[in-house]
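Understanding the architecture of this molecule
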Amino acid sequence: MLSVACKDSIRAMIYITKYGDKDKFISIHKIAEDLDISFYFLSKNLQKLVKVGLLESYRGPNGGVRLKKSPKDIKLIDIIDAIDGTEFFSKCILGFETCSDENPCVIHHKWAERRNELYEMFSGTTLEEAIRDLHKFTNVKI
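Residues numbered from 1 in each chain as written. Predicted model: local features only at pLDDT ≥ 70, side-chain atom pairs only at ≥ 80, totals over all residues. Heavy atoms only, no water.

1. Examining the side chain of Ser9
Here Ser9 lies in helix H1 (residues 4–19). In this structure Ser9 touches Asn45, Leu49, Ile79 and Ile83, once residues within four positions along its chain are discounted. (Helix = DSSP H or I, 4+ residues; strand = E, 2+ residues; numbered from the N terminus. Contact = heavy atoms within 4.5 Å.)

In structure tokens:
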């Protein structure tokens, strides 16, 4: 469903939201180390988030990244769109090019319901909401 790059980017954005400061940049090395993600892989993906205006970056000894918008204004779908795109939410899950409501594949109608539920969930969840109850989950590494 979501690529590893997308999942790692969401985790990084949650990390930045939780530990970030609007006046300071967080080192990408620190994020990568704390989340056990390849620095090169993470920095490449975070640059995509910089490009679409979700993050801002700064080079140098005190450089890194920080949120460019308020966590209440960044939805998970914004991150997904920047990393993976949103075609997943409109295309056939089996990969048929001609699948549609008028010409459905064998699971089209079942998938369409789930696809829409997932889209609504990601569209309706902000970074602020994502960290609100994070302390309750002991299995989440952030």
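2. Let's talk about the pattern of salt bridges
Evaluation of the coordinates by the stated rule reveals four salt bridges. Note that Arg11 and Asp8 form a salt bridge whose closest N and O atoms lie 3.6 Å from each other. Residue Arg11 and its partner Asp8 are located together in helix H1, separated by three residues, close to a single helical turn. Residue class for Arg11 comes out partly exposed when judged on its relative accessible area of 25%. The exposure class of Asp8 is buried, given its relative accessible area of 12%. With a closest N to O distance of 2.7 Å, Lys30 and Asp34 form a salt bridge. On the criterion of helical spacing, the pair formed by Lys30 and Asp34 is a turn pair, its members being four residues apart in helix H2 (residues 28–35). When its relative accessible area of 23% is taken as the criterion, Asp34 is described as partly exposed. (Salt bridge = Lys/Arg side-chain N within 4 Å of Asp/Glu carboxyl O. Buried < 20%, exposed > 50% of the residue type's maximum accessible area, 1.4 Å probe, protein only.)

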